[in-house]
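Chain by chain, the residues run as shown.
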Amino acid sequence: MTAAAPAASATLIPLEAVEPAMIEAVLDRAFGTDRHARTAYRIREGMPWLPALSFAALDEEDLLVGTIQCWPIALQTRQGQVPLVMVGPVAVVPERQGEGFGVGLMSAMIAEDARLASEGGARSLPQMLIGDADYYGRWGFSAAMTGGWRCPGPYEPQRLLARGPALAAMPGEGMLGPWEG
């Protein structure tokens, strides 16, 4: 798969600056109105998205063409819960897909996560998502450490991806779900 360069004409803004109805319209267009039945929605059920890691992409005419949201979730184990950040959805309206907006949104989120961790003197939490390794692998996401993780709904194990320096210390088994802290 050839990587698209980030859209040069994109302007990224905090997602909280966008009206919720506009966000929902982009998500409906990108994933369909039946998207709420997906397993990812069960994993993050009841959680607010993380404003510091969630962005919107505007095109050269200041039209909303894409969004990224991140969520506080946890891997529930017998010993308790271990915090994670769930990445996604990364949504780009169909007619603008392949122009680099998704790459720009992902790159901005990862850069902001690194900046926040650096300023706070802490390590970033591991990030996980359900997606294609061919696309998300460029940011270090893989299924190498997620084989024993489960989801509260149907999923393809090879699409359960994670990244981050703290990933090696994560439990090998558990159920993904909302953060209960």
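Okay, so let's go over this structure. Residue indices follow the written sequence of each chain, beginning from 1 at its first position. Per-residue local features of the predicted model are confined to residues with pLDDT of at least 70, and side-chain atom pairs are confined, for both listing and counting, to 80 or more; whole-chain, interface and lining totals are unaffected and use all residues. Working from all heavy atoms in the structure, the side-chain values ignore hydrogens and water.

Moving on to helix α1 (residues 20–31). Segments assigned H or I by DSSP are reported as helices when at least four residues long, segments assigned E as strands when at least two residues long, and all are numbered from the N terminus. Under the convention used throughout, the expected extent of a helix is 1.5 Å for every residue step, that is, one less than its residue count. Helix length check: α1, at 12 residues, gives a terminal C-alpha distance of 16 Å against a target of 16 Å (1.5 Å per residue), a fit within 8%. Looking only at α1, the buried set comprises Ile23, Val26 and Leu27. Down the axis of α1, the sector holding all buried residues measures 95 degrees, keeping them to one side. Whether two residues are in contact is decided by their heavy atoms, any of which lying within 4.5 Å being enough. Each element contacted by the buried residues of α1 is listed here: β3 (64–77) and β4 (80–92). One or two steps after α1, the chain reaches Gly32, where phi turns positive at roughly 95 degrees. Residue burial is assigned from relative accessible area. The probe radius is 1.4 Å, only protein chains are included, and a residue is buried under 20% of its type maximum, exposed over 50%, and partly exposed in between. To obtain the arc, one takes the directions from the helix axis to the C-beta atoms.

Structurally, the position occupied by Leu15 is in the loop between β1 (11–14) and α1. For Leu15, a relative accessible area of 0% gives the class buried. For the pair formed by Leu15 and Ile68, sequence separation is 53 residues and the distance between their alpha carbons is 7.8 Å.

The omega angle of the peptide bond from Gly88 to Pro89 is 15 degrees, so this bond is cis rather than trans. Position of Pro89 among the secondary structure elements: in strand β4. At Asp62, a position not held by glycine, the phi torsion is positive, near 60 degrees. With respect to the secondary-structure elements, Asp62 resides in the loop between β2 (55–58) and β3. Classification of Asp62 as exposed rests on a relative accessible area of 55%.

This brings us to the layout of surface pockets. As defined here, a cavity is a set of points on a 1 Å grid over the protein atoms alone where a 1.4 Å probe fits but cannot get out. A pocket is an open set with protein on both sides within 12 Å along at least five of seven lines, and residues line them when an atom is within 4 Å of a point. Grid points are joined across faces, edges and corners, and a volume is the space filled by probe spheres set on the points. The computed volume of the largest pocket comes to approximately 920 Å³. Phe31, Val90, Ile130, Gly131 and Tyr136 are the residues nearest the centre of the largest pocket, which is lined by 37 residues in total. Broken down by secondary-structure element, the contributors of at least two residues to the lining of the largest pocket are α1, α2 (39–43), β4, α3 (101–120), β5 (127–130) and α4 (133–136). Ranked by residue count, the leading element in the lining of the largest pocket is β4, at 7 residues. Residues are grouped as follows: nonpolar covers Ala, Val, Leu, Ile, Met, Phe, Trp, Tyr, Cys and Pro; charged covers Asp, Glu, Lys and Arg; every other residue, Gly included, is treated as polar. Here the lining of the largest pocket is built from residues that sort into 20 nonpolar, 8 polar and 9 charged. Forming the walls of the second largest pocket are 15 residues, and the residues nearest its centre are Glu24, Tyr41, Trp49, Gln69 and Trp71. Of all elements in the fold, only α1 and β3 reach the threshold of two or more residues within the lining of the second largest pocket.

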